[in-house]
Each structure stands twice: as structure tokens, then as C-alpha cells.
Amino acid sequence: MRLLTAAVTAIALALGAQAAVAAPIEIKFSHVVAESTPKGQMALKFKELVDERLAGKVKVEVFPSSQLFGDGKELEAMLLGDIQLIAPSLSKFQKYTPELQVFDLPFLFKDMDAVERFQQGPEGQGLLSSLESKGLIGLGYLHNGMKQLSASNPLRVPADAAGRKFRIMTSDVLQAQFEAVEAVPLKKPFSEVFTLLQTRAIDGQENTWSNIYSQKFFEVQPYITESNHGVLDYLVVTSTEFWMSLDDDLRVELKKALSDAIAYGNGIADEKANEDKQQIIDSNRSEIITLTDTERQQWVDAMKPVWKQFEKDIGVQLINAAQAANQ
Ligand code: LMR
């Protein structure tokens, strides 16, 4: 009888061990935007590719729209091991690395091609590892697009923004940018922006066409100035602890799936921006203001001194390299 019990226990243990080996690795990908946006689409593409290529080995779950964690918590949650992949806007890394603030400098990049050239160049690639000492690994840049200004009043020249409250992401550069036009910047989570605008607790905000459209900001902001004054892009990150816990082969496969998904997201970002801008125009809910060269120059003159303010934190070399990407 004792022999039988021992045999049964051994079989049960062996089966248990087999089940443990067979359990797929779980990757929770948390983000704050809608599924229709470039980031939302990239996350779904990553899931699709992993399902195809690594079925049974890795399971990806995507949590959009701040469902799991909002932008104030996602980096901490990842370091705690609650989630494994995130793609916060580059403006949200200030606490972890000052150099990434280069992306927030107003009127630095003339368009998304320049942003792409800088990101793929030696300095941009070097920044991917700037988070390593904080236990984070940058796996690639993901585009959203250029930012526009939306408000409850028409913004044609900097004086139109003076004294008005604008929601910003958690970035001191963005704070300085709005202070430079004598506006009042308020750091608030993305998930709160619509309500803040709707209730008129704030007057305006800056964001990309895809976010203005998918979050319905245009329904509560009668004016959008096509300022293209800055960039809103993302860094796809994971924690060193999670990434290094994977087998080498699996890590290579996952990196490949991620790179393919990022390429897909980057490939649709421009088209999405144009489509969403058109949807806003067609809705007749918001007037889109096109600046004259003289009006735009006033914004440049007012905001560009912010570069000097952050030159020491970011590094002149990095700013010069970013500027060189415009040529
Ligand atoms: C914002 O907070 O406005 C953006 O970073 C949201 C996002 O992830 O695009």
C-alpha cells in the first residue's frame, strides 16, 4: 500500500512539473490610449504575432485605455513585476532619465521624418539604454505624431494662451513651454483630460490628432491650432528583471515580434494622423486654425528659449544632434 501511495505521489509530482514547464509565459501590455491609435494598434499587432509565432509558449494580454494602470502608475507597476510591457510617451520618463527630455523641446523637430532620423541615429539609439541603471530596458521607439494645441478660445498668437490653464504630461520641459507663453500648465493623468476639458476646469491641452480624436477632446474644445510645435512619441520598455529571466532564444523571438509590431505601428501613424484630423474637420465640432508664418514665428520666439533652460540637463550634444536631423 505504501509503495502504491509513493508511486501515485511520484506520478502526480511528475505531471505537476510537466504542467509547470508547459505553462506559457504571460506578458501583460498595459497602455492608456484607445485601441484605434498607433500605440493601440501596435500592441494588438504584437499580440497577434506572438499568438502566431509563439503559441503555447507566450501569452500576451493587452490592457488599453488605462484599464489596468494609468500613466502615473505604469512604470512603477512594471518595476514591481505587475506588468511586463508598456509604451509611455517620452515625456513621462523625466524621473528616470533627464536626456529623454530632448524630445519635449518645443519646435525642435520640423516633422516626423526628422524625429525618425534622430531616433534611428547613434544618439537616438544610445538613449534606448539610458534607463538601464533604473532597471528598465528600452526596446524601441514608437511614433504617434506631432502635437497640436486645443483650447476653448482661438489660439493664434502666444498672448491668446496667457493666463489660460493647459493640461500637460508630467514633464518640466512642457511646464516651461507653457510658462514661456504665460499660460498655467497643470500636470494631469491622460485619463482625466476629457472631464477636465468638458467641465472647463482647464482651458486647453496639447496632443496628437489621434489622441484628440479618439479621446473626443474635439467635442469639447471648439478650437484646434495646427501648431505642430512638438512631438509625442513613445518608448517601448520592459523591466530588466523580466527580460533577463527569459531564455535567450525566446528573448530573440519576442524582440523580433516587437520590432515587427513597432514597424507596423510606425507605418500607420502618419496615415492615422491625417485620417483623424479629417474626421475632426468633418465633424464640424471644432475649428482648425492654420497659423500664418508670422503667427507661428511668434510661438517659436516665445517658446524656444526653453531649450537654454534645459541644455545642462539634456546635454548640448544631444540637442545639436536632434537639430541636425532636420536637414
Ligand atoms: C498623454 O498623456 O497625453 C499621452 O502621453 C497619452 C499617450 O500615451 O499617447
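Structure: see above.
This write-up is about the structure you can find in this document. What you see is a predicted model; the values in this text were computed from it and never measured.

Grouped together as the largest cluster of nonpolar side chains are 61 residues, with contacts concentrated most on F46, V236, L254 and W299. Examining the composition of this core, we find that eight residues originate from one element, helix α10 (residues 248-283), more than from any other. Excluding residues within four positions of it along the chain, L254 makes contact with I27, F46, V50, L54, V58, W243 and L246. Listed in part, the 38 residues of the second largest apolar core include L108, L128, L131 and M146.

Attention now moves to the site of the ligand. If you check the shell around the ligand, you find 13 residues, and the closest are K39, K92, R167, N207 and Y234. Residue K39 places a side-chain N or O atom 2.7 Å away from an oxygen atom belonging to the ligand. At 2.7 Å, a side-chain N or O of K92 approaches an oxygen atom of the ligand. The protein chains hide 100% of the 270 Å² of surface that the ligand would expose on its own. Here the ligand occupies the largest cavity. In the shell around the ligand, the residues fall into six nonpolar, three polar and four charged.

With that settled, the discussion passes to the environment of S286. Mapping S286 onto the fold places it in the loop between α10 and β11 (287-289). Separated by 155 residues in sequence, S286 and L131 place their C-alpha atoms 39 Å apart. Discounting chain neighbours no more than four positions away, the residues touching S286 are F218, Q221, P222, Y223, I224 and I280. Within the structure, S286 has its side chain in polar contact with the backbone oxygen of Q221 (distance 2.7 Å).

Here is what the cut-offs are and how they apply
Residues numbered from 1 in each chain as written. Predicted model: local features only at pLDDT ≥ 70, side-chain atom pairs only at ≥ 80, totals over all residues. Heavy atoms only, no water. Core = buried A, V, L, I, M, F, W, Y, C linked by side-chain atoms within 4.5 Å. Buried < 20%, exposed > 50% of the residue type's maximum accessible area, 1.4 Å probe, protein only. Helix = DSSP H or I, 4+ residues; strand = E, 2+ residues; numbered from the N terminus. Contact = heavy atoms within 4.5 Å. Near = heavy atom within 4 Å. Polar contact = N/O pair within 3.5 Å; in protein donor to acceptor, adjacent residues only side chain to side chain. Areas by Shrake-Rupley, 256 points an atom, 1.4 Å probe, with all protein chains shown as cover. 1 Å grid on protein atoms, 1.4 Å probe; cavity = no way out; pocket = protein on both sides within 12 Å on 5 of 7 lines; lining within 4 Å. Sits in = over half its atoms within 2 Å of the grid points. Nonpolar A, V, L, I, M, F, W, Y, C, P; charged D, E, K, R; others polar.

Note that all results are geometric; they support no functional claim without further evidence.
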